[in-house]
Amino acid sequence: MSKRTNYISWDEYFMGVALLSAKRSKDPATQVGACIVNNKNKIVGAGYNGLPAGCDDNEFPWDKQGDFLETKYPYVCHAELNAILNNIGMDLHGCRIYTALFPCNECAKAIIQSGITEVIYLSDKYNGSDTSLASRRMLDTAGVQYRKVEVHISKIELSFEEKDV
Ligand SMILES: Nc1ccn([C@H]2C[C@H](O)[C@@H](COP(=O)(O)O)O2)c(=O)n1
Ligand SMILES: [Zn+2]
């Protein structure tokens, strides 16, 4: 028997882990996941956008509009920052981060300071916004590479049916 040929690529695998992580998000509007990988292709951190530990998901607002303090924005910890903070205790220098959404300026700072040297993103839907421009400016200056993920598939279906294993 010859080996399978339709296995997923590293990029598809790690972006898949980022997208699966996003499924844990409680944000009703936008679910973002991130996955950090070292130079041996080992996953060393993952995260998704959510409230800081101890802040009750049911007590804090999830609105996008209105009085700033009554929106989610001052409270939500972004997926990239959570992935960095959730790392398994490694030095992240030379690692890459897969993220469903291009990092904002605040996450760009954390990415740079952590030593991550490459960002691989899926969506860049806020391209041109101030946060995205500031993020790019810092990443460019600090020499952090970024690129859109390269995928050859549009979807992965997961089955939790025992018969499918
Ligand atoms: N790179 C990013 C960008 C955003 N997020 C989080 C922050 C919010 O929970 C949500 C964005 O809100 P919306 O697009 O609905 O205004 O996504 C992140 O984790 N990483
Ligand atoms: Zn961010």
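What you are looking at is a predicted structure, and each value in this text was computed from that prediction instead of being measured.

Chemist: I tried to follow the pattern of salt bridges on my own but got confused; where do I start?
Modeler: Tallied over the entire structure, the rule returns seven salt bridges. Among the ionic pairs, Asp164 bridges to Lys163, the shortest N-O distance being 3.3 Å. On the basis of relative accessible area, Asp164 is assigned to the partly exposed category, the value being 45%. Lys163 gets classed as exposed once you look at its relative accessible area, which sits at 66%. The network of salt bridges with common partners includes Asp11, Glu118 and Arg147.

Chemist: Can you walk me through the site of ligand 1 in this structure?
Modeler: Looking at ligand 1, there are 17 residues lining it, with Asp27, Thr30, Tyr73, Glu80 and Tyr126 nearest. In the model, an oxygen atom of ligand 1 is placed 2.7 Å from a nitrogen or oxygen of the Lys72 side chain. Residue Ala79 places a main-chain N or O atom 2.9 Å away from an oxygen atom belonging to ligand 1. Partitioned by chemical class, the residues of the shell around ligand 1 number ten nonpolar, three polar and four charged.

Chemist: Help me understand the packing of helix α3 (residues 105-114) against helix α4 (residues 130-142), please; the structure alone is not making it clear to me.
Modeler: Each packed pair of helices is defined by two parameters, the angle between the axes and the distance between the axes. Closest axis-to-axis distance for the α3/α4 pair is 8 Å, and the angle between their directions is 20 degrees. By the angle between their directions, the pair α3 and α4 is classed as roughly parallel. The element α3 and its partner α4 pack so that their crossing is right-handed. Residues Asn105, Ala108, Lys109, Ile111 and Ile112 of α3 form the contact with α4, whose participating residues are Thr131, Ala134, Ser135, Met138, Leu139 and Ala142. Along the lines of polarity and charge, the residues of the contact of α3 with α4 split into seven nonpolar, three polar and one charged.

Chemist: Even after reading the chapter, I still don't get the pairing of strand β5 (residues 145-148), so can you show me in this structure?
Modeler: Each regular strand shows side chains that alternate between the opposite faces of the sheet. Two strands pair when backbone bridges link them, and strand β4 (residues 118-123) and β5 are joined in this way by four bridges, in the parallel orientation. Bridging from a neighbouring strand, Ile120 pairs with Arg147 of β5. In this fold, the crossover linking β4 to β5 by way of α4 has right-handed handedness.

Chemist: Help me understand the coordination of the zinc ion (ligand 2), please; the structure alone is not making it clear to me.
Modeler: Four donors placed tetrahedrally around a metal ideally meet at 109.5 degrees, and six donors placed octahedrally ideally meet at 90 or 180 degrees. The protein atoms that coordinate the zinc ion (ligand 2) are His78 (ND1), Cys104 (SG) and Cys107 (SG), at distances spanning 2.0 to 2.3 Å. Between consecutive donor residues of the zinc ion (ligand 2), the sequence gaps follow H-x25-C-x2-C. Here the residue His78 occupies a position in the loop between β2 (43-48) and α2 (79-85), and Cys104 occupies one in the loop between β3 (96-101) and α3, the gap between them amounting to 26 residues. We classify His78 as partly exposed; its relative accessible area is 33%.

Calculation criteria
- Residues numbered from 1 in each chain as written.
- Chains lettered and ligands numbered in written order.
- Predicted model: local features only at pLDDT ≥ 70, side-chain atom pairs only at ≥ 80, totals over all residues.
- Heavy atoms only, no water.
- Salt bridge = Lys/Arg side-chain N within 4 Å of Asp/Glu carboxyl O.
- Buried < 20%, exposed > 50% of the residue type's maximum accessible area, 1.4 Å probe, protein only.
- Near = heavy atom within 4 Å.
- Polar contact = N/O pair within 3.5 Å; in protein donor to acceptor, adjacent residues only side chain to side chain.
- Nonpolar A, V, L, I, M, F, W, Y, C, P; charged D, E, K, R; others polar.
- Axes fitted to C-alpha atoms, helices over the stretch in contact; angles between N-to-C directions.
- Helix = DSSP H or I, 4+ residues; strand = E, 2+ residues; numbered from the N terminus.
- Parallel < 35°, antiparallel > 145°, perpendicular 65-115°, else oblique.
- Left-handed = near helix turned anticlockwise from the far one by under 90°.
- Contact = heavy atoms within 4.5 Å.
- Pairing = 2+ DSSP bridges.
- Right-handed = clockwise from strand over helix to strand, strands pointing away.
- Donors = N, O, S within 2.8 Å, 3.2 Å for Na, K, Ca; no water.

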